[in-house]
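Given next are the chains, with one letter for each unit.
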Amino acid sequence: MAAGCCGVKKQKLSSSPPSGSGGGGGASSSSHCSGESQCRAGELGLGGAGTRLNGLGGLTGGGSGSGCTLSPPQGCGGGGGGISLSPPPSCGVGTLLSTPAAATSSLPSSSSAASSSSPGSRKMVVSAEMCCFCFDVLYCHLYGYQQPRTPRFTNEPYPLFVTWKIGRDKRLRGCIGTFSAMNLHSGLREYTLTSALKDSRFPPMTRDELPRLFCSVSLLTNFEDVCDYLDWEVGVHGIRIEFINEKGSKRTATYLPEVAKEQGWDHIQTIDSLLRKGGYKAPITNEFRKTIKLTRYRSEKMTLSYAEYLAHRQHHHFQNGIGHPLPPYNHYS
C-alpha cells in the first residue's frame, strides 16, 4: 500500500471539526509538518502492491483532503473502504514485517541519516547511494536520457517513501510511498518519479528545480499492532490508525515517525490530527480514541541535497565506477 508524507504549514488542532474544511481542506489546511523537514500526510491505500500514497500518508489523486487515509486510491479525502488489519497474535509484540539486514554504503559527511530502530541492533539498510539513484532517475527522466542501470545496493523488499523538498527552507515538493514491501531497485525507481511528477498537491517537477532539491528515502520497518492507542513514542514510531467514522465506514490513516516531533505534537494531538486527516468530522472524545486500532512502526531515513548528490557521484565516478555508473549526460563534465 502506498502513502504520502509532507506539508508546508503547521496544522491547527482541534477536537471539533475544522470550520469549512470537512476534515480535509486544500494544501494549506492539510499540511502535516512545518519547519525545515515538513511532511504532510495524505490518504493511504491499503490495497495491493503499488497503491500510491502522498507524502507521509496521503493517497495520490484529486479530492478535498490530503490526510493520510488508508483507502482505495480514488483521491485524497475520498470515502471509506480501507482494508481491515488482521489482529496480531498478541498485542504490542506482533511484528508484522521483518526487515532484512544489509550493508550500507558510505555517506557524504554532510548528508543526514536517521533511524528509529534501536541503536546497534543491526546495520542501517538505507544509504546515500539510494538517494543518488533517485536523483539519477529523475535527472534522466527530465532530460530524456536512458534510465540508469541497476544499482548495486541491496534489492531486498521494503515499504518505502521518496520525499522531495526544495529551497533553503526545504518546502515540500512531493512525497509518495507504499506500505507494500517492494524490491528497492524497482520501488525507488517507481516512487522517485511518482513523487516528483504525480503528487496531486504539486505540479510536475521541472529541470530548473533540480539544483534546489533535497531527496529523502525512508524505509519502513518493525510494524507492530498495539492494544493501547497511546502505546508509541513520539519521534521514534510512525503510526497507522484504523477507525470507524461517523457514517460507519472503516478508515485508516498514517504519519511517518518524524511528523509528530517536527510539529511539536504530543500523543493526543497527533492522534486527533490523524483522525481529521482520515476524514473524521465528529467531535473527538477520549472514548472514541479508545476504539482506534493502532499499528506502530519505525523507519530508516536518508536525505541528500543536490550538491551532495553531485559530489557523491563525482567521487564514485573517479573511483572507477563504484556504485552504479553515471548516466550519460554532459552535466558532470
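Sequence order as written defines residue numbering, which begins from 1 separately in each chain. Only residues with pLDDT of at least 70 are given local features in this predicted model, and only at 80 or more are side-chain atom pairs given and counted; all residues enter the totals for whole chains, interfaces and linings. Hydrogen atoms and water are omitted, and side-chain values are computed over all heavy atoms in the structure.

Looking at an unreviewed UniProt entry, the protein chain carries the name AMMECR nuclear protein 1, with the source organism given as Equus caballus.

1. What to know about the pattern of salt bridges
Whenever a carboxyl oxygen of Asp or Glu lies within 4 Å of a side-chain nitrogen of Lys or Arg, that contact is scored as a salt bridge. Evaluated as defined, the whole model comprises 12 salt bridges. The partner of R296 in a salt bridge is E224, with the nearest N and O atoms 2.8 Å apart. You can see R296 sitting in strand β12 (residues 293–305) and its partner E224 sitting in strand β9 (residues 213–226), a full 72 residues away along the chain. By relative accessible area, R296 is classed as buried at 13%. With its nearest N and O atoms 3.1 Å apart, the salt bridge here joins D231 to R296. Secondary structure follows DSSP: runs of H or I at least 4 residues long count as helices, runs of E at least 2 residues long count as strands, and numbering of each begins at the N terminus. When a residue's accessible area, from a 1.4 Å probe over protein chains only, is under 20% of the maximum for its type it is buried; when over 50% it is exposed; and in between it is partly exposed.

2. Observations regarding unusual backbone geometry
Here the phi dihedral of K170 falls at roughly 50 degrees; this positive angle occurs in a residue that is not glycine. Following the sequence through the fold, K170 ends up in the loop between β7 (157–166) and β8 (171–183). With relative accessibility at 23%, the residue K170 sits in the partly exposed group. Residues other than glycine seldom take positive phi values, yet N222 does so here, at roughly 55 degrees. Within the secondary structure, N222 sits in strand β9. Exposure remark for N222: the relative accessible area of 27% places this residue in the partly exposed category.

3. Observations concerning the packing of helix α1 (residues 128–143) against helix α2 (residues 184–197)
An axis is simply a line fitted to the C-alpha atoms; with a helix, the fit covers only the stretch in contact. Between two such axes, the angle follows the N-to-C directions and lies from 0 to 180 degrees. Running from N to C, α1 and α2 point in directions that differ by 55 degrees, and their axes come no closer than 9 Å. Here α1 lies oblique to α2, going by the angle between them. The handedness of the crossing between α1 and α2 comes out as right-handed. For the pair formed by α1 and α2, the contact residues are M130, F133, C134, V137, L138 and H141 on the first element and L184, H185, L188, R189, T192, L193, A196 and L197 on the second. In these notes the angle categories are as follows: under 35 degrees is roughly parallel, over 145 is roughly antiparallel, 65 to 115 is roughly perpendicular, and the rest is oblique. Helix crossings are classified by the rotation of the near helix relative to the far one: an anticlockwise turn of less than a right angle makes the crossing left-handed, while a clockwise turn makes it right-handed. Contact criterion: two residues are considered in contact whenever any of their non-hydrogen atoms come within 4.5 Å of each other.

4. A closer look at the nonpolar core
Here the nonpolar core consists of buried residues drawn from Ala, Val, Leu, Ile, Met, Phe, Trp, Tyr and Cys, with membership extended through side-chain atoms lying within 4.5 Å. Formed by 35 residues in total, the largest nonpolar core has its most connected members in M130, W164, L188 and L219. Mapped onto this core, the elements with two or more residues apiece are α1, β7, β8, α2, β9, β12 and α6 (306–318). When residues in this core are grouped by element, the largest group, 11 residues, is from α1. Beyond its immediate sequence surroundings of up to four residues, L219 is in contact with V125, V126, M130, Y158, P159, L160, L184, R298, S299 and E300.

5. Observations concerning helix α4 (residues 267–277)
Where burial is concerned, most of α4 is hidden: 8 out of the 11 residues are buried. Along α4, the residues that are buried comprise T270, I271, D272, S273, L274, L275, R276 and K277. In protein, a polar contact requires one atom able to donate a hydrogen and another able to accept it; more generally it is a pair of N or O atoms within 3.5 Å, and residues adjacent in sequence count only if both atoms are side-chain atoms. Sitting at the head of α4, D266 places a side-chain oxygen 3.2 Å from the backbone nitrogen of I268. Directly after α4, the chain includes G279, whose backbone phi takes a positive value near 95 degrees.

6. Observations regarding α2
Here the expected length of a helix is defined as 1.5 Å per residue gap, with one fewer gap than residues. Helix length check: α2, at 14 residues, gives a terminal C-alpha distance of 19 Å against a target of 20 Å (1.5 Å per residue), a fit within 8%. Restricting attention to buried positions, one finds in α2 the residues L184, H185, G187, L188, Y191, T192, T194, S195 and A196.

7. Examining the packing of aromatic side chains
In summary, the pairing rule links any two rings of Phe, Tyr or Trp, Trp by its six-membered ring, whose centres are within 6.5 Å, and it sorts them by plane angle into stacked for under 30 degrees, edge-to-face for over 60 and tilted for everything else. Considering all chains together, one arrives at 15 aromatic pairs under this definition. Their ring planes at 85 degrees and their centres at 5.5 Å tell us that F179 and Y297 sit as a pair that is edge-to-face. Of this pair, F179 sits in strand β8 while Y297 sits in strand β12, and the two are 118 residues apart along the sequence. Here the two residues F179 and Y297 agree in accessibility, since each one is buried. Of the aromatic side chains, those joined through ring pairs into one cluster are F135, W164, Y306 and Y309. Lying across the ring of Y143, R207 places its NZ or CZ 4.4 Å from the centre. Cation placement over rings: the criterion is NZ of Lys or CZ of Arg within 6 Å of the ring centroid and within 35° of the ring normal.

8. Description of the side chain of R289
Of note, R289 is situated in helix α5 (residues 286–289). On the basis of relative accessible area, R289 is assigned to the buried category, the value being 10%. Once residues within four sequence positions are removed from consideration, R289 is found in contact with Y229, I268, I271, D272 and I284.

9. A look at the side chain of T192
Tracing the chain through its elements places T192 in helix α2. Engagement of the side chain of T192 in a polar contact is seen with the backbone oxygen of L188, the distance being 2.6 Å.

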